[in-house]
Amino acid sequence: MRKKLVIGNWKMNGDREQNSRLLHQIQTQYAPVDNGVSVVVCPSSVFLNDVQKLLQACGSSIKVGAQNVSEHASGAYTGEISLSMLQSLGCDYVLLGHSERRVLFAEDNVVIARKVASALKADITPVLCIGETIDEYNAGITEEIVRKQVMDVVAIVGVDNFDKVIIAYEPVWAIGTGEVATPDYAQSVHKVIRDLLRQHNSAVADKVSILYGGSVNADNAQSLFSKPDIDGALVGGASLSADQFSRICAMLNRQSIKLAS
Ligand code: PGA
């Protein structure tokens, strides 16, 4: 069975006190079941260490991820964070190519591909975010866009390594807008992505986890998780609410138990 995940992207939110409160509440409300569902939170990098320690202290199974990393190993890159720094903090995941990085910080497919390759080498699981803008959606070129976003990374990383990559399909028009993609639409794009990988390596296509992201909340997660090619969610706004996030995690747990039985 493919790995199922819920990843909370806290973006540039939180402080020490808020993070601690949020984690404590999630820990109380969410009862993890040992059924292959992983839960990850991605705080701001300045709090990675804090969050990691808080989770360890309460024996939590929740993992920590970074929201970005430099493509460079070390050196004169003021303000950047390297993979070895993330490794030394015990960080397991890193979000790469989030649309906010692509749009606001001009990251292109090639830079993102290099970051994915470096993360794989460092044994930190890259979460490759892809998705079309509203203009691309309206122009009916979603498939073309996501194919290119995936294949530009495949060209540098190699398809055989893609079973170690997590893909997050996040239509840009759905991020932070409250306008979630319909489960059928999301499923159709997830299938395009899986079929594309299948053309190059069917074992990898069967294994790769593809998450949906964009206005996921506790009211819409269940119907998204019921789709065969949706392996979990990348959650932004709703991950800042312990109640919402815990309910989303519980829904994926239930779905996973259903699939296993
Ligand atoms: P959202 O953000 O859930 O607030 O739409 C998702 C994301 O940016 O990853």
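These numbers come from a predicted model, not from an experiment.

**Student:** Requested: an account of the state of the cysteines, with residues and values cited.
**Tutor:** All told, the structure shown has 0 disulfides when counted by the stated rule. Among the cysteines around C58, which has no disulfide bond, C249 carries the closest sulfur, lying 14 Å off. Unpaired in terms of disulfides, C129 finds its nearest cysteine sulfur in C42, a separation of 8.9 Å.

**Student:** Could you give me a rundown of the sheet that holds strand β4 (residues 93–96), with the residues and numbers involved?
**Tutor:** In space, the 8 strands of this closed barrel follow the order β1-β2-β3-β4-β5-β6-β7-β8, with parallel pairing throughout. Pairwise comparison of adjacent strand axes, ignoring direction, gives a mean angle of 25° for this sheet. Examined bridge by bridge, strand β7 (residues 210–213) and strand β8 (residues 232–235) share 2 bridges and lie parallel to one another. Bridge pairing links Y212 to A233 in β8.

**Student:** Summarise the packing of helix α5 (residues 109–121) against helix α7 (residues 142–157); cite the residues concerned and give the values.
**Tutor:** For the pair α5 and α7, the least separation of the axes is 8 Å and the interaxial angle reads 50°. It follows from the interaxial angle that α5 and α7 lie oblique. The handedness of the crossing between α5 and α7 comes out as right-handed. The segment α5 lies against α7, with N109, V110, A113, V116, A117 and L120 engaging K148, Q149, D152, V153, I156 and V157.

**Student:** Quick one: what's the story with the site of the ligand, residue by residue and with numbers?
**Tutor:** The environment of the ligand is made up of 13 residues, and the closest members are K11, H98, E170, G176 and S215. Summarising the interface, the protein chains cover 95% of the accessible area of the ligand, which totals 280 Å² for the free molecule. Tallied by class, residues from the shell around the ligand come to 4 nonpolar, 7 polar and 2 charged.

Scoring rules and cut-offs
Residues numbered from 1 in each chain as written. Predicted model: local features only at pLDDT ≥ 70, side-chain atom pairs only at ≥ 80, totals over all residues. Heavy atoms only, no water. Disulfide = S-S within 2.5 Å. Pairing = 2+ DSSP bridges. Helix = DSSP H or I, 4+ residues; strand = E, 2+ residues; numbered from the N terminus. Axes fitted to C-alpha atoms, helices over the stretch in contact; angles between N-to-C directions. Parallel < 35°, antiparallel > 145°, perpendicular 65-115°, else oblique. Left-handed = near helix turned anticlockwise from the far one by under 90°. Contact = heavy atoms within 4.5 Å. Near = heavy atom within 4 Å. Areas by Shrake-Rupley, 256 points an atom, 1.4 Å probe, with all protein chains shown as cover. Nonpolar A, V, L, I, M, F, W, Y, C, P; charged D, E, K, R; others polar.

Nothing here speaks to function; it is all geometry.
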